[in-house]
Amino acid sequence: MTLTTQEIMQLAPVIPVMVIDRAEDAVPLANALVNGGLKVLEITLRTAAALESIRLIKEAVPDAVVGAGTIINVGNLFDSLQAGAEFIVTPGTTTAIVDASVEAGVPLLPGVNTPSEAMTLLERGFDCLKFFPAEAAGGVPMLKAMGGPLPQLRFCPTGGVTPANAASYLSLPNVSCVGGSWMAPADLVRAGNWAEIERLAAEAASLGGKS
Ligand code: 3PG
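Summary of the structure given here. (Residues numbered from 1 in each chain as written. Predicted model: local features only at pLDDT ≥ 70, side-chain atom pairs only at ≥ 80, totals over all residues. Heavy atoms only, no water.)

1. Overview of the side chain of N165
Basically, it comes down to this: The way it works is that DSSP assigns letters per residue, a run of H or I at least four long becomes a helix, a run of E at least two long becomes a strand, and they are numbered from the N terminus. Only protein chains enter the accessibility calculation, which uses a 1.4 Å probe; a residue whose area is less than 20% of its type maximum is buried, one above 50% is exposed, and one in between is partly exposed. For this analysis, a polar contact is any N or O atom pair within 3.5 Å, provided that within protein one partner can donate a hydrogen and the other can accept it, and provided that sequence-adjacent residues contribute only side-chain to side-chain pairs. Should any heavy atoms of two residues lie within 4.5 Å, those residues are considered in contact.
Residue placement: N165 occurs in the loop between strand 8 (154-157) and helix 8 (166-170). For N165, a relative accessible area of 14% gives the class buried. A distance of 3.1 Å separates a polar side-chain atom of N165 from the backbone oxygen of G160. Not counting residues up to four positions away in its chain, the partners in contact with N165 are E135 and G160.

And the structure:
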C-alpha cells in the first residue's frame, strides 16, 4: 500500500537525513534508527553508495519506510524508484520533478522556503512540504508567519534542526515532523557505533508525534 506524504510525515516526529558513504553501513544504521523509534528514513543521493543503500535497506529492514533525498532532477527520481524508494524528498522544487512524481504515483515531499513556492505547489495539490533550509530561511518565526495566510500547509522543516530547537518547531501547528542529520553523524557511522545512534534516535523519537 502506498502511503501519502501526510501519512509518512505522521509516522515519526523526526526523519533522519542520512549520508551513507559505505553501503555496508546502510543496514546496521537503518536498524539502529528504526530500533530507536525512527522508521521513516531519508537516504540522500549525495554519495556513490546511496542507491545501493536504498536497495539494501528495503530488502533487510522491512519496518523502515525508505525515502530518497537530495533528488535534484528527474534522473535521480527514477534511479531512486528503481532502487526501491517509497517516497522522494527534494531541497527545492522543479516542475519536471513534480510532474515525474505525479506520473510515477510516488509520494513527494517537495522543498520550499517562500510563500510563492508554497502557493505554486498548493495549486498542484501539494499541501505537505519540506521547509528548507529551515534555520537559514527564517526558522520558527518564518513558519509561524506562513501559518497566517497559508494555514492549510503542513511542513517538515529540515536544515539546521537540532535537539535544541526541534521541540520549538514541533510545537507549531503547521509542522508535522522535522528532518535532521544529528542522530546519524558521520563519526558515529564510521565508528559503527550503532548503540549510540540508537540512543540518539530514541531521544529524537521521544520528541513526540503530531497528528
Ligand atoms: C541536509 O541538507 O543535509 C539536511 O537538510 C540536514 O541538515 P542538517 O545536517 O542541518 O540536519
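Structure's up, so let's keep going.
2. What to know about helix 2 (residues 26-36)
Across the 11 residues that make up helix 2, a large majority, eight, are buried. Residues of helix 2 that are buried include every one of A26, V27, L29, A30, A32, L33, V34 and G36, and no others. Check the buried side of helix 2 and you find it contacts strand 1 (14-18), strand 2 (40-44), helix 3 (50-60), helix 9 (186-191) and helix 10 (194-205). The first or second residue beyond helix 2 is G37, which carries a positive phi of 115°.

3. Some points on the packing of helix 3 against helix 4 (residues 74-83)
Note the cut-off: Orientation is described by lines fitted to C-alpha atoms, with helices fitted over the stretch in contact, and by angles between N-to-C directions that extend from 0 to 180 degrees. If an angle is under 35 degrees, it is roughly parallel; if it is over 145, roughly antiparallel; if it lies from 65 to 115, roughly perpendicular; otherwise it is oblique. Crossings are classed by handedness, with left-handed meaning an anticlockwise turn of the near helix from the far one by less than a right angle and right-handed meaning a clockwise turn.
The interhelical angle for the contact between helix 3 and helix 4, taken along N-to-C directions, is 30°, at an axis separation of 8 Å. When the axes of helix 3 and helix 4 are compared, the pair comes out roughly parallel. Of the two possible hands of crossing, helix 3 and helix 4 adopt the one that is right-handed. Residues L51, I54, R55 and K58 of helix 3 pack against D79, S80 and A83 of helix 4.

4. Overview of the site of the ligand
Basically, it comes down to this: We call a residue near a molecule or strand as soon as one heavy atom of that residue lies within 4 Å of the molecule or strand. Throughout, the Shrake-Rupley method with a 1.4 Å probe supplies accessible areas, and for residues the shown protein chains are the sole cover considered. Think of it as three bins: nonpolar holds Ala, Val, Leu, Ile, Met, Phe, Trp, Tyr, Cys and Pro, charged holds Asp, Glu, Lys and Arg, and polar takes everything else, Gly as well.
Taken together, V17, R46, F132, T158, G159, G160, G180 and S181 form the complete shell of residues around the ligand. Taking R46, its side chain carries an N or O atom lying 3.0 Å from an oxygen atom of the ligand. Between the ligand and G160, the relevant distance is 2.7 Å, taken from an oxygen atom to a main-chain nitrogen or oxygen of the residue. Expressed as a share of its isolated accessible area of 310 Å², the protein-covered part of the ligand is 77%. In terms of residue class, the shell around the ligand is built from two nonpolar, five polar and one charged.

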